[in-house]
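Listed here are the chains, written in short residue letters.
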Number of protein chains: 2
Amino acid sequence: MARIKDVALAAGVSTATVSRVLSGSGPVRKELRDKVLETVAALGYRPNLAARRLRSSRTETIGLIVSDVRNPFFTNISRAVEDMAYQQGMRVMLCNSDEDPKKEALYLGLMEDENVCGVIFSPTLGTARQFDATAYPFPVVMIDRPVAVGAVDAVVLDNRAAARALVDHLVAQGYRHIGGIFGSASGTGLARREGFHQALQQYGLTGSSQLLAPTVAAAQQEIERWLASPNRPEALLVSNGLFLLGALQAVRAAGLSIPEDVALVGFDDDPWTALVEPGLTVIAQPTYEIGRTAMELLLQRRESPERPVRVIELAGTLIKRGSSRMLTTA
Amino acid sequence: MARIKDVALAAGVSTATVSRVLSGSGPVRKELRDKVLETVAALGYRPNLAARRLRSSRTETIGLIVSDVRNPFFTNISRAVEDMAYQQGMRVMLCNSDEDPKKEALYLGLMEDENVCGVIFSPTLGTARQFDATAYPFPVVMIDRPVAVGAVDAVVLDNRAAARALVDHLVAQGYRHIGGIFGSASGTGLARREGFHQALQQYGLTGSSQLLAPTVAAAQQEIERWLASPNRPEALLVSNGLFLLGALQAVRAAGLSIPEDVALVGFDDDPWTALVEPGLTVIAQPTYEIGRTAMELLLQRRESPERPVRVIELAGTLIKRGSSRMLTTA
DNA sequence: ACGTAAAATGTAAACGATTACAAATAAAGT
DNA sequence: ACTTTATTTGTAATCGTTTACATTTTACGT
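Everything numeric here is computed off the predicted structure, so don't read it as measured data.

1. Describing the relation of the copies chain B and chain A
Superposition of the two copies of the chain requires a rotation about an axis and a shift along the axis.
Piece 1. Mapping chain B onto chain A is achieved by rotating through 180 degrees and translating by 0.0 Å along the same axis, at an RMSD of 0.1 Å. What we have between these two chains is a two-fold relation.
Piece 2. Looking at chain B, 100% of its interface residues are interface residues in chain A too, so the copies touch through the same face.

Have a look at this one:
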């Protein structure tokens, strides 16, 4: 295996020069540069990354901590981050935290060990609330979950606006009595709930909402109760993909039909939402865009560590499908 | 930041001893070991990974090259590999090759640079056919795609058996005239096609099959042609999730209903296959298991590089749903 | 032509661990 | 008690780069 000194010897230059050519760190006469590049190619030399990282203490690696890559939302983000990173000659280290604060801490430590140059992180509510960016030697960009503002760069969906858009749509379609179910584990759920109630208030409507653990079963159970109650809602708004699934199953189990008996709208344009009958009206998140933006924030902060903290809110897209079809005032 | 020499000094031992304690590489008297551990904790010392990797030339990192993590199949595998790896104190480097041989080569080189201790790889057909394991300094385990037998460790679905099982099922349900569509880009499609024709032959049936590029549009187009033809098949068997989607859309677009006008069965138990109406009969792949097994093969080969090459075929599971309901002999 | 500033190159000291090898200590056999 | 052997520990070389600093070369103004 060729080492840098072999290249230097063969090219008749010093190792410093070879290093300068390869990392573009210093000036080298064109003539020598070409000679070096030629020898590098001839010997098939590839620099030893461990040595380089040790000496320079730069790793060109970024960490990505999500709760579970199997979630299509994070899958898309992960893909965007990876695309951007490899394009920049950087590496990505992906970790699944399973919404577990212990694992979050563990992986943050691991990132420190790896000496990453930045981390993109989707924290649980607890971690988000008490996160101290200064405790880590690398910049952090939060995604998906809102964070105490001003504390750390972040890119999130405009959750309030998105929830309002869903309510606007339902109201426009003629629905009045609307129930909402929101995830209790993330700041996302809370923000969406705020938007939900804001919008209702604006229309002079009242509606009940419920905070639930983010599982299919929890939603299914709660919605079965609602459907069985005497004044069941005309429409249901749920705050994530799992709830959407739970809701769908509850409605089907109750032998009711969508949207005739009850309309259903939610978040996340997962592939299946378009395929079920009727298609589900959802807010699509710009997932790839979120990943790309997070990466951009990270790179920019690396350039200028002192620039003020930025929280970027991206707009969701309302995708209208059959599950919120216009009420025919029977 | 504490270095190993600081720990050594504070604990009153040599750096060698600290190293031995931390990496468990040599014998250390319990008394000293405790003292060292104590000092490590007190100083909050964490070994520098770059230095360790440089000196030992061991990285405890494995590479995972898949075509696209957004594919639920690979997402599950990725999750399994990551779970296993972190559990072992190893890291994972994930790359998306997009079925592009150039990127495959690029990332394999990158893995070499990273000095990974092994790679789990889902190659395109071309790469699989001419893959030379001895060209790389790390062991490779192929997944999903069959490879020239004997060349390299692999774990794949028993594709022939799976296709036969689908045909068995269709025949048992009363279908006779069966059409098949298979992916041309991977060995997987070819193997499934073999199983398909084997099974038909066994029943004394004939059936036509088609090799197509693995896209939704290709399947949709081809199937629309079939449905419009005078003697359209009673049942369709397609070899992957994308085709399933394309087929579903084609059938719906033609205004036909499943399974009354045409039955539909396929591969990959993606979440949505259970949610559409009717549910789709599929072969579920043990995706998590595939990832886990691949990781096991890799670890075992690290232990004993000389052990003979193994190709592990895992059985799929037939999941019967409405899309292949029994034909009522009208 | 000559001195000075700027640009290009080389020399050698890091970076922070691991690990041969040597040295010291403890255990065991006679 | 005294080798001999086994077990622990320490010393110092080493992994392969980058980079501060010294040195040489080139360019330039007068």
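There is more to say, and it comes next.
2. Here we look at the protein's contact with DNA strand C
Piece 1. Around DNA strand C, the surrounding shell holds 26 residues, and the nearest of these are Arg20 and Arg29 of chain A together with Ile4, Ser19 and Arg55 of chain B.
Piece 2. Within 4 Å of the protein, the contacting atoms of DNA strand C are drawn from sugar and phosphate to the extent of 64%.
Piece 3. Arg52 of chain B places a side-chain nitrogen or oxygen 2.9 Å from a phosphate oxygen of DNA strand C.
Piece 4. Those elements that provide at least two residues to the surface near DNA strand C are α2 (15-23) and α4 (49-56) of chain A together with α2 (15-23) and α4 (49-56) of chain B.
Piece 5. With five residues, α4 of chain B is the single largest residue contributor to the surface near DNA strand C.
Piece 6. Among the residues making up the surface near DNA strand C, the classes are represented as 12 nonpolar, seven polar and seven charged.

3. Description of the pattern of salt bridges
Piece 1. Scanning the entire structure with this criterion turns up 38 salt bridges over all chains.
Piece 2. Measuring nitrogen to oxygen at the nearest pair gives 2.9 Å for the salt bridge that ties Asp98 of chain A to Lys103 of chain A.
Piece 3. What makes Asp98 of chain A partly exposed here is its relative accessible area of 31%.
Piece 4. Residue classification places Lys103 of chain A among the partly exposed residues on the basis of a relative accessible area of 28%.
Piece 5. Residues joined by salt bridges that share partners form a network here, namely Asp68, Arg70, Asp98 and Lys103 of chain A together with Arg79 and Asp83 of chain B.

4. Comments concerning the domain arrangement of chain A
Piece 1. The domains assigned to chain A are domain 1 (4-47), domain 2 (61-157 + 287-314) and domain 3 (159-285 + 318-324).
Piece 2. Inter-centroid distance (C-alpha atoms) of domain 1 of chain A to domain 2 of chain A is 36 Å.

5. Some thoughts on the interface of chain B and chain A
Piece 1. Listed as interface residues are 39 residues of chain B and, on the opposing side, 39 residues of chain A.
Piece 2. Carbon and sulfur atoms supply 55% of the area buried between chain B and chain A, which totals about 3,500 Å² over both sides.
Piece 3. Along the contact surface separating chain B from chain A lie 10 salt bridges.
Piece 4. Residues Asp68 of chain A and Arg79 of chain B are paired through a salt bridge, measuring 3.1 Å at the closest nitrogen-oxygen approach.
Piece 5. For the interface between chain B and chain A, the tally reads 14 residue pairs in polar contact (both at pLDDT 80 or more).
Piece 6. Listing elements by their share of the side of chain B that touches chain A, those giving two or more residues are α4, α5 (72-87), β2 (91-96), α6 (101-114) and α11 (241-253) of chain B.
Piece 7. Tallied by class, the residues present in the side of chain B that touches chain A amount to 18 nonpolar, eight polar and 13 charged.

Procedures and definitions
Residues numbered from 1 in each chain as written. Chains lettered and ligands numbered in written order. Predicted model: local features only at pLDDT ≥ 70, side-chain atom pairs only at ≥ 80, totals over all residues. Heavy atoms only, no water. Least-squares fit on C-alpha atoms with pLDDT ≥ 70 in both. Contact = heavy atoms within 4.5 Å. Near = heavy atom within 4 Å. Polar contact = N/O pair within 3.5 Å; in protein donor to acceptor, adjacent residues only side chain to side chain. Helix = DSSP H or I, 4+ residues; strand = E, 2+ residues; numbered from the N terminus. Nonpolar A, V, L, I, M, F, W, Y, C, P; charged D, E, K, R; others polar. Salt bridge = Lys/Arg side-chain N within 4 Å of Asp/Glu carboxyl O. Buried < 20%, exposed > 50% of the residue type's maximum accessible area, 1.4 Å probe, protein only. Domains from an automatic or database assignment. Buried area = accessible area lost by both parts, 1.4 Å probe.

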